[in-house]
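# Tertiary structure, described
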Amino acid sequence: MNYCERCHVAVQGEQCPVCGQSKVRPVRGDDYCFLVEKEDMWAQLLQEILEDNGVHPISHDSMDVVWVMRGGELSRQCIYVPFCHLELARELMQAAFPEEV
Ligand SMILES: [Zn+2]
């Protein structure tokens, strides 16, 4: 597994599929990897689930995406977890949001 520092994603192979950058490096256990982007409400719920299971996510507001629904604006958050917890985080997310697998 490699890691793109620009996109904060764990990638297979020598090139980042998100930005196309080929300067990926081997991933470390404490690298924060992109998990998912969700609306605030669900992002908070997911963070609580992760923390309950010993995974400490970071999130920041997604500045470039504004989700417009029913005339209102919902802000979205990107959630990142350490690579060493990425698999567990994905399993927890699947359990919490099975319809999105
Ligand atoms: Zn990238």
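Residues numbered from 1 in each chain as written. Predicted model: local features only at pLDDT ≥ 70, side-chain atom pairs only at ≥ 80, totals over all residues. Heavy atoms only, no water.

### Points about the coordination of the zinc ion
This is how the line gets drawn: Coordinating donors are taken as N, O and S atoms within 2.8 Å of the metal, stretched to 3.2 Å for Na, K and Ca; because water is absent from the atoms, sites can appear incomplete. Note on classification: 1.4 Å probe, protein chains only; a residue is buried when its accessible area is under 20% of the maximum for its type, exposed when over 50%, partly exposed between these limits.
For the zinc ion, every protein donor is listed as C4 (SG), C7 (SG), C16 (SG) and C19 (SG), and the spread of their distances is 2.2 to 2.3 Å. Mapped onto the polypeptide sequence, the residues donating to the zinc ion form the spacing pattern C-x2-C-x8-C-x2-C. As far as burial versus exposure is concerned, C4 and C7 are alike and both buried.

### Section: the environment of G20
As a reminder of what qualifies: In this description a helix means any DSSP run of H or I spanning at least four residues, a strand means any run of E spanning at least two, and both kinds are numbered starting from the N terminus.
Structurally, G20 can be placed in the loop between strand 2 (9–11) and strand 3 (25–26). Along the backbone, G20 and C4 are 16 residues apart, and their C-alpha atoms lie at a distance of 9.6 Å.

### Some points on the nonpolar core
Using the following cut-off: Put simply, buried Ala, Val, Leu, Ile, Met, Phe, Trp, Tyr and Cys residues joined by side-chain atoms within 4.5 Å make one nonpolar core. Note on contacts: a residue pair is in contact if any heavy atoms of the two residues lie within 4.5 Å.
L35, V36, L46, L50, I79, V81 and M93 are the most contacted members of the largest nonpolar core, which has 16 residues in total. Among the secondary structure elements, those contributing two or more residues to this core are strand 4 (32–39), helix 1 (40–52), strand 8 (76–82) and helix 2 (86–96). With four residues, the top contributor of residues to this core is helix 2. Contact partners of V81, with chain neighbours within four places excluded, come to D31, Y32, C33, L35, L50, V55, P57, L86 and A89. By size, the runner-up hydrophobic cluster in this structure holds six residues, among which are C7, V9, V11 and V24.

### Here we look at the packing of aromatic side chains
Note the threshold: For Phe, Tyr and Trp, where Trp contributes only its six-membered ring, two rings pair if their centres lie within 6.5 Å, and the inter-plane angle classes them as stacked under 30 degrees, edge-to-face over 60, or tilted in between.
Inspection of every chain in the model, using the stated rule, returns two aromatic pairs. Taking 5.7 Å as the distance between ring centres and 70 degrees as the angle between the ring planes, the aromatic pair formed by F34 and Y80 counts as edge-to-face. Here F34, found in strand 4, pairs with Y80, found in strand 8; they are 46 residues apart in sequence, far enough to count as distant. Given the relative accessible area of 28%, F34 is considered partly exposed. Residue Y80 is classed as buried on the basis of its relative accessible area of 9%. Here W42 and F97 contribute two aromatic rings whose centre-to-centre distance is 5.9 Å and whose plane-to-plane angle is 90 degrees, an arrangement assigned as edge-to-face.

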